[in-house]
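Below, each chain spelled out in residue letters.
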Amino acid sequence: FLAILNISTYSYLLLNQIVERLGYNQGNKRGIIPKGVEKLQDEKLLDKLIEAIKSFATSFKPNANIGMLTEEYIKGALVGYLWQFEQSMNLEDRIIIELETRGRIDIVASNKKESVIIELKRPGTKYNHSFEDQVMRYMTENNINQSIVYLGVITDDLKNLEIKTIGKIVDKQLYRIVVIK
């Protein structure tokens, strides 16, 4: 029984990596310069990421039906796209943190000055306030005070994107959560 369970778990992880890589290849098409790159040279990392995700949401054209895309595929595509957008940015994924309940940070984007946690949700996921609690745990545990929750929206029109910023103070520290849905 344990051998079957181990093989099943390994197969699941391998398939997720393949799906994520396919997404990365789709998002990182050579020669496509993301919209707005030239005007964001001196912006803060959080602002650059918001603009990059807005650009991604309106220009990414997946090879599959939006409703069938997994979080791993969107993550791979977004990482590929962000590499084009800001090549000096460091992108880490699959960061496991130990809390009372385990957690996995989807992406941490950082440069020499700051870091931002990006939490992805699969396209079609309805917004839930528990997402804010989730990224707050990640931010406080990792001493990062900025995050983005992106609900995997792919659209042809920026008007279809809703962006809201939430500020929370914990132990006299301001934490910013930007929700893109």
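Relevant structure appears above.
Residues numbered from 1 in each chain as written. Predicted model: local features only at pLDDT ≥ 70, side-chain atom pairs only at ≥ 80, totals over all residues. Heavy atoms only, no water.

Engineer: When you look at helix α2 (residues 45–59) in this model, what are you seeing that I'm missing?
Structural biologist: Three- or four-residue spacings in an α-helix give side chains the same orientation, since the helix completes a turn every 3.6 residues. Between the first and last C-alpha of α2 there are 21 Å, a value that for 15 residues agrees with the 21 Å anticipated at 1.5 Å per step. Of all 15 residues in α2, twelve are buried; the element is thus mostly enclosed. Within α2, the full set of buried residues consists of Leu45, Leu46, Lys48, Leu49, Ile50, Ala52, Ile53, Lys54, Ser55, Phe56, Ala57 and Thr58. (Helix = DSSP H or I, 4+ residues; strand = E, 2+ residues; numbered from the N terminus. Expected span 1.5 Å × (residues − 1). Buried < 20%, exposed > 50% of the residue type's maximum accessible area, 1.4 Å probe, protein only.)

Engineer: When you look at the packing of aromatic side chains in this model, what are you seeing that I'm missing?
Structural biologist: The geometry of an aromatic ring pair is captured by two quantities: the separation of the ring centres and the angle between the planes. Overall, the coordinates contain five aromatic pairs when judged by the stated rule. Taking the centre distance of 4.8 Å and the plane angle of 20° together, the rings of Phe56 and Phe60 count as stacked. Looking at Phe56, the relative accessible area reads 0%, which means it is buried. Under the relative-accessibility criterion, Phe60 is labelled buried at 4%. Consider the rings of Phe56 and Tyr81, whose centres lie 5.5 Å apart with planes at 65°: the pair is edge-to-face. Highlighted residues: Phe56 in helix α2 and Tyr81 in helix α3 (residues 71–85), separated in sequence by 25 residues. The pair Phe56 / Tyr81 is uniform in exposure class, with both members buried. (Phe/Tyr/Trp six-rings, centres within 6.5 Å; stacked < 30°, edge-to-face > 60°.)

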